[in-house]
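Summary of structural features
Each chain, written out:
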Amino acid sequence: MKILVLTKRRYMGKDLLDDRFGRFRELPLELARLGHQVYGLCLSYRARNEIRVIDSTTSRDGQVEWQSVNLMHGFLPGLPGYFRQARQLIGEFQPDIIWACSDAYHAIWGYRLAREFHCRLVIDLYDNFEAFSATKLPGVLSMFRSAVKKADGVTFFSQRMADHVIQTYPMTNPHAVILSGVRKDLFYPRDRTNSRRELKLPVAAKIIGVAGALDSSRGIGTLFAAFATLAEEIPEIHLALAGARIPKQKIRSGPRIHDFQSLPHERVPLFLNALDLAVICYRRSAQGNYSFPQKAYEIIACGVPLVAAAVGSMNELLRDYPDCLYEPEDPMSLASAIRLQLEKKTAAQIVAPSWADSAAHLNRFFEKISGAQISKPQRSKMESAP
């Protein structure tokens, strides 16, 4: 089967090509390992290096060719150039399925291109796009909802998000929940003392930490307030931070706060394994209510105890671990949960899916949508493109 992935280049604070990160890198690569031909067109909303790269691994067969395109000179003037590139690519590659990912715009554009070239369209909702600021532009929401309802299939990152869309749009077309997975070659239990020494963290301290977006929309202020309370009563407690933040975001500093900024993805497992307790902050919001932080599975795969805001899919994931949940935006609730887990050290006994697990499910869904059986790919014009 030939699969074309349409996505933005930067998401979740990382660059798909430079950082080789996340759902829209890992799932296409796993599909290629299964024998599909996979090509990706990723759009940068800011000027970046426009390149073609081959993404592959040495451990198994399969590769994905990515083409990067800039949306330059403002929003509307850049669209004709993007569609010119997309039409040329589709004409040469002749995909069986277009998988439109990453935001409402790509869902809308993917629908337009799929209908123009008479190929199947699957839209991926890895987040609540209606909560994104770009979806607030006039006309975007209605076009997005129309594209979702008319697509040949829809993939969701969580059951909670699927239930919401199916009930409120309403939506009756085929769908599948494709969980975001974990790189098992990176995220696994490691020696805490060695991890701390490599990161130059105090070996004997009690360290709580967060790895992920550090902005007010996620409720990071609740963690800072809770830590201030705990720091007065627990002399050995420290706070470690790693993640993207908006330019003017205020980040607390102090002798017991360790800020690693944005760590490369390969270093995040080291950071997590250095912690006594990982914290997942979220607020009750249009985004938080349907969220499923990928970091939760990464923390669980490392065997690290965690505390998470009782919002979104965390309620379902940690239903058997109520002591690991705290009331969102309540510093006293978070401080209480941290105290308890520093004592109990509860590591959730939950199996985190690998990207290969999730891709196998996605593969079955794509074959259902296309009606095609998997076969070894033959060379196409795209393989010989410069």
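Residues numbered from 1 in each chain as written. Predicted model: local features only at pLDDT ≥ 70, side-chain atom pairs only at ≥ 80, totals over all residues. Heavy atoms only, no water.

Quick word on the overall build of the chain
For the chain, the count of helices and strands is 12 helices and 16 strands. Its C-alpha atoms give the chain a radius of gyration of 21 Å, near enough to 21 Å, the size a compact globule of 386 residues would have. Viewed in the frame of its principal axes, the chain has a C-alpha envelope of about 65 × 45 × 40 Å. Going through the 386 residues of the chain one by one, you find that 56% of them count as buried. Excluding contacts between residues fewer than 6 apart, the proportion of contacts in the chain whose partners are at least 24 apart in sequence is 71%. One way to put it: in the chain the 50 positive side-chain charges average out to a point 3 Å from where the 39 negative ones average out. (Helix = DSSP H or I, 4+ residues; strand = E, 2+ residues; numbered from the N terminus. Rg over C-alpha atoms; globule rule 2.2 N^0.38 Å. Buried < 20%, exposed > 50% of the residue type's maximum accessible area, 1.4 Å probe, protein only. Contact = heavy atoms within 4.5 Å. Lys, Arg positive; Asp, Glu negative; His and termini not counted. Charge placed at Lys NZ, Arg CZ, Asp CG, Glu CD.)

Section: the nonpolar core
Formed by 137 residues in total, the largest nonpolar core has its most connected members in Leu223 and Phe366. Those residues within four positions of Phe366 in sequence are excluded, and the remaining contacts are Met1, Ile3, Leu31, Ile97, Trp99 and Val122. (Core = buried A, V, L, I, M, F, W, Y, C linked by side-chain atoms within 4.5 Å.)

Points about unusual backbone geometry
Residue Tyr169 is joined to Pro170 through a cis peptide bond whose omega torsion reads -15°. Along the polypeptide, Pro170 turns up in the loop between α5 (159-168) and β10 (175-177). In this structure, Ser102 is a non-glycine residue whose phi angle is positive, near 90°. Tracing the chain through its elements places Ser102 in the loop between β7 (97-100) and α3 (104-117). Located in the positive-phi region is Lys345, a residue other than glycine, with phi close to 55°.

Considering helix α7 (residues 220-233)
The terminal C-alpha atoms of α7 lie 21 Å apart, and with 14 residues this matches the ideal 20 Å at 1.5 Å per residue to within 8%. The elements touched by buried residues of α7 are β11 (206-211), β12 (237-242), β13 (257-259), β14 (277-280), β16 (325-326) and α11 (331-344). (Expected span 1.5 Å × (residues − 1).)

Some details on the packing of helix α1 (residues 23-33) against helix α12 (residues 355-370)
Where α1 contacts α12, the axes come no closer than 9 Å and their chain directions differ by 70°. Judged on the interaxial angle alone, α12 and α1 are roughly perpendicular. When the axes of α1 and α12 are compared, the crossing they make is right-handed. Facing α1, whose interface residues are Arg23, Glu26, Leu27, Glu30 and Leu31, α12 presents Trp355, Ala356, Ser358, Ala359, Leu362, Asn363 and Phe366. Residues that form the contact of α1 with α12 fall into these classes: 7 nonpolar, 2 polar and 3 charged. (Axes fitted to C-alpha atoms, helices over the stretch in contact; angles between N-to-C directions. Parallel < 35°, antiparallel > 145°, perpendicular 65-115°, else oblique. Left-handed = near helix turned anticlockwise from the far one by under 90°. Nonpolar A, V, L, I, M, F, W, Y, C, P; charged D, E, K, R; others polar.)

Description of the sheet that holds β10
Taking strand neighbours across the sheet as the criterion, the 8 strands line up as β5-β6-β4-β1-β7-β8-β9-β10 in an open arrangement whose pairing is mixed. Edge positions in the sheet fall to β5 (52-56) and β10, since each of these pairs with one other strand and no more. Averaged over all adjacent pairs, the angle separating strand axes in this sheet is 20°, with direction ignored. Taken together, the 7 bridges between strand β4 (residues 37-44) and strand β6 (residues 63-70) define a ladder with parallel strand orientation. Of the residues in β6, the one forming a bridge with Leu43 is Val69. (Pairing = 2+ DSSP bridges.)

Description of the pattern of salt bridges
All told, the structure shown has 24 salt bridges when counted by the stated rule. Among the ionic pairs, Arg115 bridges to Asp152, the shortest N-O distance being 3.5 Å. Taken together, the positions of Arg115 in helix α3 and Asp152 in the loop between α4 (140-150) and β9 (153-156) put the pair 37 residues apart, joining distant regions of the chain. In this structure Arg115 comes out as partly exposed when scored by relative accessible area, which is 30%. Judged by relative accessible area, Asp152 falls into the partly exposed class, the value being 23%. The partner of Asp185 in a salt bridge is Arg183, with the nearest N and O atoms 2.8 Å apart. Classification of Asp185 as partly exposed rests on a relative accessible area of 49%. (Salt bridge = Lys/Arg side-chain N within 4 Å of Asp/Glu carboxyl O.)

Details of α1
Judged by how many residues are buried, α1 sits mostly within the fold: 11 of 11 residues are covered. Within α1, the full set of buried residues consists of Arg23, Phe24, Arg25, Glu26, Leu27, Pro28, Leu29, Glu30, Leu31, Ala32 and Arg33. Gly35 occupies a position one or two residues after α1 and carries a positive phi of about 115°.

Structural notes on the environment of Ile3
By the element assignment, Ile3 lies in strand β1 (residues 2-8). With sequence-adjacent residues up to four places away left out, Ile3 is seen in contact with Leu31, His36, Gln37, Val38, Tyr39, Phe93, Ile97 and Phe366.

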